Amino acid sequence: MKKLLIGTAALAMLAGAAFAESHSVVRLGTEGAYPPYNYIDDDGEVAGFERELGDELCKRAELTCEWVTNEWDSIIPNLVSGNYDAIIAGMSITDERDEVIDFTQNYTQPDPSAFLAMEGMDLDMEGGIFAAQAGTIQASYIAEMGATLVEFATPDETIAAVRNGEADAVLADKAYLAPIAEESADLAFVGEDILIGGGIGLGLRESDGELREKFDAAIQSMKDDGSLNALIEKWELGATF
Amino acid sequence: MFGFCTDPDTLSGLSWMACYLTTGKHMAIYWSVGTVLLLLAITAPAALAFGFAGASAARSRILPLSWLGRGYIAIVRGVPDIAFFLFFVIALDQFFEWIRHKAKCPDWDQPIRQGNDFVVCAEAKLPLGNAAQWVHETYGFFLAVLTFAIVFGAFAANVLFGAMRAVPRAQMETAEAYGMSPRQCYWRILVPQMWVYALPGLSNLWMVLIKATPLLFLLGVEDIVYWARELGGAKTARFTDYPHGDWRMWYFLALLVFYLMFTRVSEIVLDRIMKRLTHGQATSGGEAQRKAA
Amino acid sequence: MSCLQTIADYGLRSIGIGERLLPREDFTLCQQFTLIGSGMIWNVYFGLIALLTGFFLATAVALGKASSNPLARKPSEWFIFVFRGSPLFIQFFFAYFAFLSLKSVSPVFDPLTSAWLGAAIVLFLNTAAYSGEIFYGALLSIPKGDTEAADAYGFSGMTKFRKITWPTMLRLAWPAYTNEAIFLFHATTLVYFSGFPAWRQKGDALYYANYFADKTFNPFVPYPILAGYFILVTLVIISVFGLVNRRLNRHLPQEVRGRLKMRMNLIR
């Protein structure tokens with residue numbers, strides 16, 4: 001019996017060692033262009049809600065973490081190809097993505113999307129022209145809504161398009177639009193918020209179950225002691241848990 | 001950077017600008033200028049090497065080798081470079097890791113492709129999972145250089161292939177008459193003489209290469225254009241000490257000046273090289289130089 | 001859904017005919033081939049328009065640069081320098097910006113901000129500069145004997161240019177001009193990628209390839225399809241230009257024709 005115990009312990013340690021070997025440094029991939037979730041600060045470092053969250057998660061899971069930035073377009077192909085170990089980039093949990101990668105439990109409530117338009121603008125949901133960043137869930141939402149969709153490569157350009165009259169309104173995550181609406185007197189939210197996509201979670205390779213469990217447990221512990229809610233409030237991301 | 005930058009809210013005018021232009025983020029854009037220049041400096045000879053190999057293969061007498069060379073030139077030249085860059089780096093990276101995996105972990109029993117995942121053993125990872133950040137960046141840079149070299153190598157091969165055929169036939173015949181072996185003819189007569197015919201094409205290629213550097217961000221290298229976009233976009237006061245509107249216009253103007261200056265300097269230098277190369281050559285340019293002297 | 005049905009639904013999607021919504025599931029090979037092929041319509045459109053219109057401006061610019069009158073020479077030199085010396089996507093950025101400000105002046109300029117006109121103008125100017133430089137180089141290397149012979153035969157002014165100078169210039173420039181045409185078609189992929197916004201999900205081949213890569217998270221299928229289409233286009237360009245080259249050189253003895261081909265090295 002004792003021998004058996006030692007045996008399992010040794011096996012567990014061995015598995016642990018293999019895990020430690022492949023994950024002595026966990027690389028976190030982010031986009032770095034999506035405040036308040038993640039952005040590059042004045043010093044050129046990754047900052048934002050997810051930076052603080054990720055650092056805390058790594059501390060709780062006792063992992064050494066490193067931050068890397070990657071273009072949004074190729075962020076999933078680079079994960080499955082093994083260039084980093086986790087995506088923490090404001091990525092909503094969707095069925096499409098879930099087929100390719102695994103997600104931890106969500107660490108934000110589903111974020112509503114909102115329309116931002118020029119002050120005093122009446123939105124024509126059918127005949128209007130709406131801007132969105134190419135390849136986002138908002139872009140496909142507008143296409144399905146039946147309105148005219150204009151796609152731009154970066155979120156910056158979508159805002160600029162509303163300012164110069166190319167588009168009537170822009171549809172994007174509310175947390176991204178809020179600081180912009182707050183600061184510019186000529187822009188305002190119109191219409192009702194819409195819910196597309198689930199909450200945001202960490203994306204991991206499907207073959208990387210052990211790392212997922214570690215992060216899952218760490219997120220749960222942050223949910224339990226309220227520190228996650230504190231972070232969400234600090235960065236004004238909307239609903240808490 | 002400067003002592004007075006601690007509280008940017010109180011600054012205005014020139015001192016604000018001085019602080020703004022020396023933030024860590026702006027340092028990154030200045031660094032990226034160096035990155036781009038370094039990449040060009042490494043890629044140019046590498047692409048030339050690929051081109052030389054490709055052209056030599058294309059004119060080889062061994063048929064399969066010739067097909068390989070011609071196929072490389074035709075296919076890579078036929079594809080827009082963006083399309084190439086969008087998937088090639090990941091493919092290259094997986095290829096290297098697969099080779100290392102085969103060599104280092106022969107008794108690995110799991111499949112390499114698990115669903116969508118590409119999984120190799122930890123020792124085969126490139127760079128190793130626990131390597132420092134700069135190793136990862138250097139490796140990414142190396143992959144970018146290699147991709148650029150492969151793409152532009154095909155164009156260089158096309159140029160060199162044409163140049164090798166442009167060397168006057170009489171020169172080769174004379175060499176053969178002197179009893180040189182085909183190998184000697186190739187290395188002593190053809191290769192030294194072809195450069196003057198290749199240079200106009202190669203200098204055009206260099207200009208194209210300079211202007212292809214904005215595509216570096218597709219390869220995961222943070223180049224000047226990436227930073228110009230990032231810095232120029234409108235910034236709200238919540239996320240920076242230096243809020244401003246949409247300044248992409250000014251950043252791109254700076255890039256425009258940078259590229260124009262770079263092109264101009266290259267033109268002048270290449271002109272000089274052309275003058276040197278024409279010296280003593282059996283072309284009309286060489287003839288004109290000889291007469292003038 | 002059969003593949004023929006897919007082609008009927010999406011074959012002309014890029015110009016707004018057929019299904020309004022892009023496919024959102026399955027992403028079969030047939031769908032990818034059809035939609036990316038449909039996007040090629042735009043690449044071919046941009047390439048052809050720019051090439052045909054650019055040709056005339058290029059001739060004018062080349063003559064301007066070779067002219068002894070500084071009023072014609074200086075603008076031509078600067079035009080070529082600016083458009084050859086800067087990356088195409090920076091030109092797109094500034095053009096879009098300029099067109100937007102024109103638009104606020106008068107609604108006449110409205111179509112400028114859409115890709116079909118705005119991007120075509122930028123590509124037209126761009127290729128005019130590149131081809132202009134090629135034509136200028138060819139103009140300088142016209143054998144002296146040809147023009148002297150023309151003078152001796154009593155050709156002058158416009159007749160001399162139309163019958164002697166221009167055909168010879170084209171003949172000398174043709175291999176390099178073929179390369180320029182290939183590059184131009186490749187450059188059309190930049191239009192929606194970094195220049196102009198895509199309206200109603202009507203984009204070029206790269207736009208749809210990007211869409212599929214984004215939805216399937218697998219770059220290894222759509223981009224090679226795109227590459228395949230472009231190799232086809234390149235082959236077509238090479239054969240069409242080859243035919244023209246044969247015609248331009250038809251008066252030369254066989255042996256010399258072969259030697260002219262070796263000048264293929266003057267690429268952009």
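Residues numbered from 1 in each chain as written. Chains lettered and ligands numbered in written order. Predicted model: local features only at pLDDT ≥ 70, side-chain atom pairs only at ≥ 80, totals over all residues. Heavy atoms only, no water.

(A) Main features of the state of the cysteines. Applying the stated criterion to the full structure yields two disulfides over all chains. A sulfur-sulfur separation of 1.9 Å characterises the disulfide bridge that pairs A:Cys58 with A:Cys65. The disulfide joining A:Cys58 to A:Cys65 has a torsion of about -90° about its S-S bond and is therefore left-handed. A:Cys58 sits in the buried class, given a relative accessible area of 4%. Two residues share a disulfide in this structure: C:Cys3 and C:Cys30, whose sulfurs sit 2.0 Å from each other. Taking the torsion about the S-S bond as the criterion, the C:Cys3 to C:Cys30 disulfide, at about 95°, is right-handed. Placement of C:Cys3 in helix H1 (residues 3-10) and of C:Cys30 in helix H2 (residues 29-66) is noted, with a sequence separation of 27 residues between them. For C:Cys3, a relative accessible area of 39% corresponds to the partly exposed category. The buried category is assigned to C:Cys30, whose relative accessible area is 15%. (Disulfide = S-S within 2.5 Å. Buried < 20%, exposed > 50% of the residue type's maximum accessible area, 1.4 Å probe, protein only. Helix = DSSP H or I, 4+ residues; strand = E, 2+ residues; numbered from the N terminus.)

(B) Summary view of the sheet that holds strand S3 (residues 38-40) of chain A. All names here are of chain A. Spatially, the three strands line up as an open sheet ordered S2-S3-S4, and their pairing is antiparallel. Of all strands in the sheet, those bounded by a partner on one side alone are strand S2 (33-34) and strand S4 (46-47). Taken together, the two bridges between S3 and S4 define a ladder with antiparallel strand orientation. Note that in S4 the partner of Tyr 39 across the bridge is Ala 47. (Pairing = 2+ DSSP bridges.)

(C) Representation of the packing of H2(C) against helix H10 (residues 222-248) of chain C in the model. Residues and elements named next belong to chain C. With their axes 10 Å apart at the nearest point, H2 and H10 run at an angle of 40° to one another. Judged on the interaxial angle alone, H10 and H2 are oblique. H2 and H10 meet at a crossing whose hand is right-handed. Between H2 and H10, the residues in contact are Leu 29, Gln 32, Phe 33, Ile 36, Gly 37, Met 40, Asn 43 and Leu 51 and Pro 222, Ile 225, Leu 226, Tyr 229, Phe 230, Val 233 and Phe 241, respectively. Class assignment for the residues of the contact of H2 with H10 results in twelve nonpolar, three polar and no charged. (Axes fitted to C-alpha atoms, helices over the stretch in contact; angles between N-to-C directions. Parallel < 35°, antiparallel > 145°, perpendicular 65-115°, else oblique. Left-handed = near helix turned anticlockwise from the far one by under 90°. Contact = heavy atoms within 4.5 Å. Nonpolar A, V, L, I, M, F, W, Y, C, P; charged D, E, K, R; others polar.)

(D) Region of the structure containing the interface of chain C and chain B. Every contact between the two is made by 36 residues of chain C and, on the other side, 42 residues of chain B. Of the roughly 3,500 Å² buried between chain C and chain B on both sides combined, carbon and sulfur atoms contribute 76%. Counting across the interface, chain C meets chain B through zero salt bridges. For the side of chain C that touches chain B, the secondary-structure elements that each account for two or more residues are helix H3 (70-85), helix H4 (88-105), helix H7 (157-187), helix H8 (190-195) and H10 of chain C. Considering every element that reaches the side of chain C that touches chain B, the biggest residue donor is H10(C), with seven residues. Here the side of chain C that touches chain B is built from residues that sort into 26 nonpolar, eight polar and two charged. (Buried area = accessible area lost by both parts, 1.4 Å probe. Salt bridge = Lys/Arg side-chain N within 4 Å of Asp/Glu carboxyl O.)

(E) Spotlight on the sheet that holds strand S1 (residues 26-30) of chain A. Residue and element names in this part refer to chain A. An order of S5-S1-S6-S13-S7 is seen for the five strands of this open sheet, with the pairing classed as mixed. For this open sheet the edge positions go to strand S5 (65-69) and strand S7 (102-103), each flanked by a neighbour on one side alone. Pairing of S1 with S5 involves five bridges; the strand directions are parallel. Looking across to S5, one finds that Val 26 is bridged to Cys 65. Its contacts with the sheet put helix H2 (residues 49-60) on S1 and S5, and the angle it makes with S5 is roughly 150°.

(F) The arrangement of the interface of chain A and chain B in detail. Each partner contributes to the interface: chain A provides 41 residues, whereas chain B provides 39 residues. Between chain A and chain B, a total of about 3,000 Å² is buried, with carbon and sulfur atoms accounting for 46% of that surface. Counting across the interface, chain A meets chain B through zero salt bridges. Elements supplying a minimum of two residues to the side of chain A that touches chain B: helix H1 (2-22), S3, S5, helix H3 (75-80), helix H4 (95-100), helix H6 (155-163) and helix H7 (174-183) of chain A. Counting residues per element, the side of chain A that touches chain B draws most heavily on S5(A), which supplies four residues. The class makeup of the residues in the side of chain A that touches chain B is 15 nonpolar, eleven polar and 15 charged.

(G) The pattern of salt bridges, seen in detail. Applying the stated criterion across every chain yields a total of 20 salt bridges over all chains. The residue A:Arg51 makes a salt bridge to A:Asp55 at a minimum N-O spacing of 3.0 Å. In this pair, A:Arg51 and A:Asp55 both sit in helix H2, four residues apart, roughly one turn of the helix. Here C:Glu77 and C:Arg73 are joined by a salt bridge, their closest N and O atoms 3.9 Å apart. Here C:Arg73 and C:Glu77 lie together in helix H3, a separation of four residues that amounts to about one turn.

(H) Main features of the packing of H1(C) against H2(C). Residue and element names in this part refer to chain C. Packing of H1 against H2 leaves a shortest axis separation of 9 Å and a crossing angle of 25°. Judged by the inter-axis angle, H1 sits roughly parallel to H2. For the pair H1 and H2, the crossing hand works out as right-handed. Contacts between H1 and H2 pair Cys 3, Thr 6, Ile 7 and Tyr 10 from the former with Cys 30, Gln 31, Thr 34, Leu 35 and Ser 38 from the latter.

(I) Looking closely at the side chain of A:Arg205. Considering the arrangement of structural elements, one finds A:Arg205 in the loop between strand S13 (203-204) and helix H8 (209-224). Polar contacts involving the side chain of A:Arg205 include one to the side chain of A:Asp85, which spans 3.0 Å. (Polar contact = N/O pair within 3.5 Å; in protein donor to acceptor, adjacent residues only side chain to side chain.)

(J) Just the pairing of strand S9 (residues 129-133) of chain A, in detail. Residues and elements named next belong to chain A. Buried residues dominate S9, accounting for four of its five residues. Two strands pair when backbone bridges link them, and S9 and strand S10 (residues 148-152) are joined in this way by five bridges, in the parallel orientation. Considered in S10, the bridge of Phe 130 is made with Leu 149. Each parallel crossover has a hand, and for S9 linked through helix H5 (residues 137-145) to S10 it is right-handed. Pairing analysis gives two bridges linking S9 to strand S11 (residues 169-173), with the strands arranged parallel. Following the sheet pairing, Phe 130 is matched in S11 by Ala 169. (Right-handed = clockwise from strand over helix to strand, strands pointing away.)

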